[in-house]
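Geometric and topological summary
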Amino acid sequence: MINIVIFGPPGAGKGTQSSKLLAQFGLIHLSTGDLFRSHIKNSTALGLEAKSYMDKGNLVPDSVTIGMLKSKVEENPTAKGFIFDGFPRTTPQAESLDAFLKSLNTEISACLSLQVPDEELIKRLLERGKSSGRADDADEEVIKNRLGVYMRETNPLKSFYADQSKLEEVEGVGTIEEIFGRLSAAIDKHA
Ligand code: AP5
Ligand code: MG
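A short tour of the structure in this document, coming up. (Residues numbered from 1 in each chain as written. Chains lettered and ligands numbered in written order. Predicted model: local features only at pLDDT ≥ 70, side-chain atom pairs only at ≥ 80, totals over all residues. Heavy atoms only, no water.)

A separate point is the side chain of S18. With respect to the secondary-structure elements, S18 resides in helix α1 (residues 14-25). The class of S18 is buried, set by a relative accessible area of 0%. Side-chain polar atoms of S18 contact the side chain of H29, separated by 3.4 Å. (Helix = DSSP H or I, 4+ residues; strand = E, 2+ residues; numbered from the N terminus. Buried < 20%, exposed > 50% of the residue type's maximum accessible area, 1.4 Å probe, protein only. Polar contact = N/O pair within 3.5 Å; in protein donor to acceptor, adjacent residues only side chain to side chain.)

Take a look at the structure:
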């Protein structure tokens, strides 16, 4: 199996690049943000809980997020591998993911970390906010909170993956095709 973590701050291009990578490598894309948004759309209890955190740009509690992610993996027992997008975001999430994949006799192949300056991230998210309907894109203060949460809680996971020799830092500014080429090359090193 090839299991990829696509990593980076809000607006780095994780979702955009995942949809290209899944086609190229035959992987299943699991975005916790997309899963939460689908729960919100369907007005589930989980969606209602997640929305109260997401609209402010805060993280949904690990207890909710980890359980949701595991059941999605279990729904796909014949998968060639997964692209984890927006997960893990905290150290407990990363540790749970490692233990869970180990129980399935597999592991993370690589963590691809997209590097994009804050100015560019804010510009991209405000632009998307004009039409996305995402409450967390519409307000610059919420976007800045998301970036702060990323720096405090998620960015430290780079060393978690670097310690396992799985971290690949990839320049995330350029055309979508250029960045896709860099990511594909990084995956080939670990596949
Ligand atoms: P989530 O949905 O994961 O959002 P995010 O990480 O904040 O960031 P985005 O999805 O907005 O950005 P992206 O990196 O996917 O970029 P995209 O390709 O869209 O999470 C939302 C919320 O859910 C969190 O705040 C939290 O509350 C909760 N949550 C989710 N996972 C969680 C977890 N594990 N634990 C706890 N809580 C969790 O691109 C962005 C924009 O830029 C697009 O408009 C795109 O068209 C454009 N763009 C892309 N590439 C380029 C390029 N090369 N040049 C110019 N523009 C580009
Ligand atoms: Mg996304």
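With that settled, the discussion passes to the pattern of salt bridges. In total, this model carries 15 salt bridges according to the counting rule given. The shortest N-O distance in the salt bridge between E177 and K20 comes to 2.7 Å. Separated by 157 residues along the polypeptide, E177 in helix α10 (residues 176-190) and K20 in helix α1 bring together distant segments of the chain. When its relative accessible area of 24% is taken as the criterion, K20 is described as partly exposed. In this structure, the salt-bridge partner of D136 is R134, at a minimum N-O distance of 3.0 Å. A residue is classified by how much of its surface remains accessible, and D136, at 8% relative accessible area, is buried. Among the residues examined, R134 registers a relative accessible area of 18% and is labelled buried. (Salt bridge = Lys/Arg side-chain N within 4 Å of Asp/Glu carboxyl O.)

Counting buried residues in strand β4 (residues 110-115) gives 5 out of 6 residues, a clear majority hidden from the surface. Judged from the 4 bridges that link them, strand β1 (residues 2-7) and β4 form a sheet pairing that is parallel. By the bridge assignment for β4, I6 is matched with L112. The pairing of β4 with strand β5 (residues 167-171) spans 5 bridges and is classified as parallel. Bridge pairing links C111 to L167 in β5. (Pairing = 2+ DSSP bridges.)

Here we take up the packing of α1 against α10. Relative to each other, α1 and α10 sit at 50°, their axes nearing to 10 Å. By the criterion of interaxial angle, the relationship of α1 to α10 is oblique. Handedness of the α1/α10 crossing: right-handed. Within the contact between the two elements, α1 uses T16, Q17, K20, L21, Q24 and F25 and α10 uses I176, E177, I179, F180, L183, S184, I187 and D188. Looking at the contact of α1 with α10 residue by residue, the class counts come to 7 nonpolar, 4 polar and 3 charged. (Axes fitted to C-alpha atoms, helices over the stretch in contact; angles between N-to-C directions. Parallel < 35°, antiparallel > 145°, perpendicular 65-115°, else oblique. Left-handed = near helix turned anticlockwise from the far one by under 90°. Contact = heavy atoms within 4.5 Å. Nonpolar A, V, L, I, M, F, W, Y, C, P; charged D, E, K, R; others polar.)

So, on to the site of ligand 1. Neighbouring residues of ligand 1: 30 residues in total, closest T16, T32, N58, R89 and R128. Contact between ligand 1 and K14: an oxygen atom at 2.9 Å from a side-chain N or O atom of the residue. R128 is positioned such that a nitrogen or oxygen atom in its side chain is 2.5 Å from an oxygen atom of ligand 1. Bound to the protein, ligand 1 loses 87% of the 1,000 Å² it would expose on its own. Residue assignment for the shell around ligand 1 shows that the elements contributing at least two residues are α1, α2 (32-41), α6 (118-132) and α10. If you tally residues by element for the shell around ligand 1, the top one is α2, at 4 residues. For the shell around ligand 1, the class distribution of residues is 11 nonpolar, 11 polar and 8 charged. (Near = heavy atom within 4 Å. Areas by Shrake-Rupley, 256 points an atom, 1.4 Å probe, with all protein chains shown as cover.)

Here we take up the packing of helix α4 (residues 62-74) against helix α5 (residues 91-103). Where α4 meets α5, the axes come as close as 10 Å, and the angle between the chain directions of the two elements is 30°. Regarding the angle of α4 to α5, the classification is roughly parallel. Read as a crossing pair, α4 and α5 show a hand that is right-handed. Here α4 contributes D62, T65, I66, L69, K70, V73 and E74 to the contact with α5, which in turn contributes P92, Q93, S96, L97 and F100. Here the residues of the contact of α4 with α5 are counted per class, giving 6 nonpolar, 3 polar and 3 charged.

Quick look at the packing of aromatic side chains now. Following the criterion strictly, the structure yields 3 aromatic pairs and no others. Ring geometry for F7 versus Y150: centroids 6.0 Å apart, planes at 55°, classification tilted. Of the two residues, F7 is situated in strand β1 and Y150 in helix α8 (residues 140-154); the sequence distance between them amounts to 143 residues. The exposure class assigned to F7 is buried, which follows from its relative accessible area of 2%. (Phe/Tyr/Trp six-rings, centres within 6.5 Å; stacked < 30°, edge-to-face > 60°.)

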